[in-house]
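Spelled out from the first residue to the last, the chains are:
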Amino acid sequence: MKFQWEGRAIRQVPAEKITAVVRELCLEANYRLALGMPEVMAEAAQSENFPMAKEIIKELQANAEIAWAESQPICQDTGMAIVIIELGQEVQITGGSLYLAVDEGVRQGYEEGYLRNSIVGDPILRRNTGDNTPAFIRVEIVPGDKVRIHLLPKGSGSENVSRLAMLKPAQGVEGIKDFVLETMELAGGNACPPYVVGIGIGGTFDGCAYLAKRALLRPVGEANSAQHIAMLEGELLTAINGLGIGPQGFGGSQTALAVHIETAPTHIACLPVAVNLSCHVLRHEVLEV
Amino acid sequence: MQRLQTPLTPEVIMELRSGDQVLLSGTVYTARDAAHARLVKTVLAGGELPFPIEGAVLYYVGPTPARPGKVIGSAGPTTSGRMDSYTPELLRRGLKGMIGKGARNQEVRQAIRAYQAVYLGATGGAGALLAQRVKAAEVIAYPELGPEAIFRLEVDELPLIVINDIYGGDLYSQGRQAYLSCR
Ligand code: SF4
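Residues numbered from 1 in each chain as written. Chains lettered and ligands numbered in written order. Predicted model: local features only at pLDDT ≥ 70, side-chain atom pairs only at ≥ 80, totals over all residues. Heavy atoms only, no water.

Undergrad: So what exactly am I meant to see when it comes to the interface of chain A and chain B here?
TA: Put simply, an interface is often sized by how much accessible area is lost when its parts join up. The interface is formed by 45 residues belonging to chain A together with 44 residues belonging to chain B. Interface area, chain A with chain B, both sides summed: about 3,400 Å², of which 53% is carbon and sulfur. Considering only the surface of chain A that becomes buried against chain B, A:Gln76, A:Tyr114 and A:Phe250 emerge as the three largest contributors, covering 22% of it. There are two salt bridges connecting chain A and chain B. (Contact = heavy atoms within 4.5 Å. Buried area = accessible area lost by both parts, 1.4 Å probe. Salt bridge = Lys/Arg side-chain N within 4 Å of Asp/Glu carboxyl O.)

As C-alpha cells, this is what we get:
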C-alpha cells in the first residue's frame, strides 16, 4: 500500500510480512550452502592434491548433499541469526516493531525447522533463551521502496577466531597481510577450514568489524570491484593457502576458498583491519519484500 | 581401518597412533561447555557422575532437534579447546576418549599421555553425515540445558581420526608438516 507524504509516495509494509520473510529465510538458509559455495568447493576438490585433504573435501560435499536431501541442517551449529536489512527510505513498517518482527520470524523458523537454540540471554549468567532469539540485526537505509533481508546463520566456531586490529597507517598493506596471516595461524584447524575469509579495512573500530561481516555476504569467490582491492584479495588467498593448514587443519593446499575484502574511508591516523572468518558451512539467503 | 568399541580399554588405546582412521561403535556421551562445568563441579564435590566414566568416550556436540521419525538432528563436533580447562580432571577420573575438532592445549595433551587416553577428530561441519551413524539418542542429564544437555548416543561405525595419541603424536602439526614437505 502506498500513501503520499510531503509529496512523496511511501510504501507501507506490515511487520507481519517481515516476520513471514524471516521465518522463510531461516527455513531455507540452514540446509544449503551460500551462493557460489558449491562451485568453489568443487574447484577445491579438483585442485587439492594432498590425499587426506581431498577425501575431506569430498566428505564435506557429501554432507551438503545429505543435508539438502534429508532436510537436516548442514551443521548442528545453526548459529546466531544475523539479519541484515536494506531498508528502502520510502518504506514505512506498520503494525509493530521491525526488530520484534524479525525476532518473531527467527522464533518461528528455528522451531519449525528443527534448528538449534544457541543463544544465551546474558553473557555472564548464560541462560539459553530457548528460541534462538534475539536476532543480531543491522539496518541499512537505502534509496527506494523495497526491503531486502539477508540472513546469515553464523556459527560460533569461526566467530570465535575472528579478530580486529587498529594498525598504524605506516604498516600499510604489509601490516594488513601480516595481521590476516597471523589470524589464520591462530585459527588453525579449530574453526572448520576450508574458510571463507571476510576482511574489513578502514572505517571506525566498530564499522570495520561490520565491513568484515558484510564481506561474507558477497557471492563466494566474486572479486571486489576495485582493482587494487581485488589484487590484494588474490595475494592474500595465495598466501593463506601457502600456510598448509588445509581442510580440517590436517594439512593441504585448501585452507581458504575465497578472500573477500570490503573497505571504507577512515581517519588520517587510522588503519583498522578486521577478519571475520566463516567456516566451509557458509550459509546466506536473501529475500526482497 | 580400525574398528573401536566402547568402553575403551588401555590395550586398544596403546594401538592408536595419530593419523589413524577409525570406526567407533558403542555408547558415547555428549557434553559441551555448560555440561563440562557441571561434571567437574560434581566430581570435585565428591558427587556421583550421571554416567560411568571409566573407559568412557565424550563427544563434544550439541545436536539439532530430531525431526519426527529421526533419531537425532545434525550432530557434528564443536571446538574442543573450550573444554580444555575441564578435561584433565575428567581424564584423571577414568575418561578415555574425547571426540571433537581443533587443537588441545599443552596441559590436555600431557594429560592424554599421563592417563593413557585418546583424542579423536570428527569432521567439523559434517553434522548431517555424522548423524547417520547415530542409532539411538536419549537425554540422561541436565535437560534444562537444552542442546547442551548430556545425551547418551549409540553410534555405529562413527568415522573418526586419531589426533592426539599417548605417544605425543599430534595430527595438526604432523599433517601440516607432511603436506608442506611433499609440496
Ligand atoms: S565452525 Fe562452522 S562448520 Fe564448524 S561447527 Fe561451527 S558452524 Fe559448524
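Undergrad: Hey, could you run me through the side chain of A:Arg116 in this one?
TA: Assignment of secondary structure puts A:Arg116 in the loop between α4 (98–112) and β5 (136–142). A polar side-chain atom of A:Arg116 sits 3.5 Å from a polar atom in the side chain of A:Asp77. Excluding residues that lie within four positions of it along the chain, A:Arg116 makes contacts with A:Gln76, A:Asp77, A:Thr78, A:Tyr110, A:Asn132, B:Arg32, B:Gly62, B:Pro63, B:Thr64, B:Pro65 and B:Pro147. (Helix = DSSP H or I, 4+ residues; strand = E, 2+ residues; numbered from the N terminus. Polar contact = N/O pair within 3.5 Å; in protein donor to acceptor, adjacent residues only side chain to side chain.)

Undergrad: Sorry if this is basic, but what is going on with the domain arrangement of chain A here?
TA: Residues and elements named next belong to chain A. Considered domain by domain, chain A is made up of domain 1 (2–30 + 74–154) and domain 2 (156–281). On a C-alpha basis, the centroid separation for the pair domain 1 and domain 2 is 27 Å. It is Arg138, Leu152 and Lys154 in domain 1 that bury the most area against domain 2; as a group they hold 45% of the surface buried on that side. Put simply, Arg214 and Glu140 hold a salt bridge, and the shortest N to O gap is 2.6 Å. Listed by contribution, the elements that provide at least two residues to the side of domain 1 that touches domain 2 are β3 (80–88), β5 and β6 (147–154). Here the residues of the side of domain 1 that touches domain 2 are counted per class, giving six nonpolar, one polar and five charged. (Domains from an automatic or database assignment. Nonpolar A, V, L, I, M, F, W, Y, C, P; charged D, E, K, R; others polar.)

Undergrad: Whenever I open this one, the site of the ligand confuses me. Can you help?
TA: Looking at the ligand, there are 14 residues lining it, with A:Cys75, A:Cys192, A:Cys279, A:Arg283 and B:Gly125 nearest. Neighbouring residues of the ligand are distributed over chains A and B. When its residues are assigned to classes, the shell around the ligand shows six nonpolar, five polar and three charged. Residues lining the shell around the ligand come from more than one domain, with at least three contributed by each of domain 1 (2–30 + 74–154) and domain 2 (156–281) of chain A. (Near = heavy atom within 4 Å.)

Undergrad: Mind showing me how you'd approach the environment of B:Arg104 here?
TA: Residues and elements named next belong to chain B. In this fold, Arg104 is placed in the loop between β4 (97–100) and α4 (106–114). On a C-alpha basis, the gap between Arg104 and Gly175 in space is 15 Å, while along the polypeptide they are 71 residues apart. Once residues lying within four places of it in the same chain are set aside, the contact partners of Arg104 are Tyr60, Ser80, Met83, Asp84, Thr87, Met98, Arg109, Tyr119 and Asn164. Within the structure, the side chain of Arg104 is placed 2.7 Å from the side chain of Asp84, a separation counted as a polar contact. A polar atom in the side chain of Arg104 sits 3.0 Å from the side chain of Thr87.

Undergrad: Would you explain α4(A) in this entry?
TA: Since there are 3.6 residues in each turn of an α-helix, residues three or four apart along the chain are aligned in direction. Residues and elements named next belong to chain A. Look at α4: 21 Å from first C-alpha to last across 15 residues, which is about the 21 Å you get at 1.5 Å a residue. Among all positions in α4, only Leu98, Ala101, Val102, Asp103, Gly105, Val106, Gly109 and Tyr110 are buried. If you follow the buried residues of α4, they end up packed against α1 (15–29), β3, β4 (91–94), β5 and β6. Capping the start of α4 is the job of one residue whose side-chain oxygen sits 3.2 Å from the backbone nitrogen of Tyr99: Ser97. Positive phi shows up at Tyr114, right after α4, with a value of about 55°. (Expected span 1.5 Å × (residues − 1). Buried < 20%, exposed > 50% of the residue type's maximum accessible area, 1.4 Å probe, protein only.)

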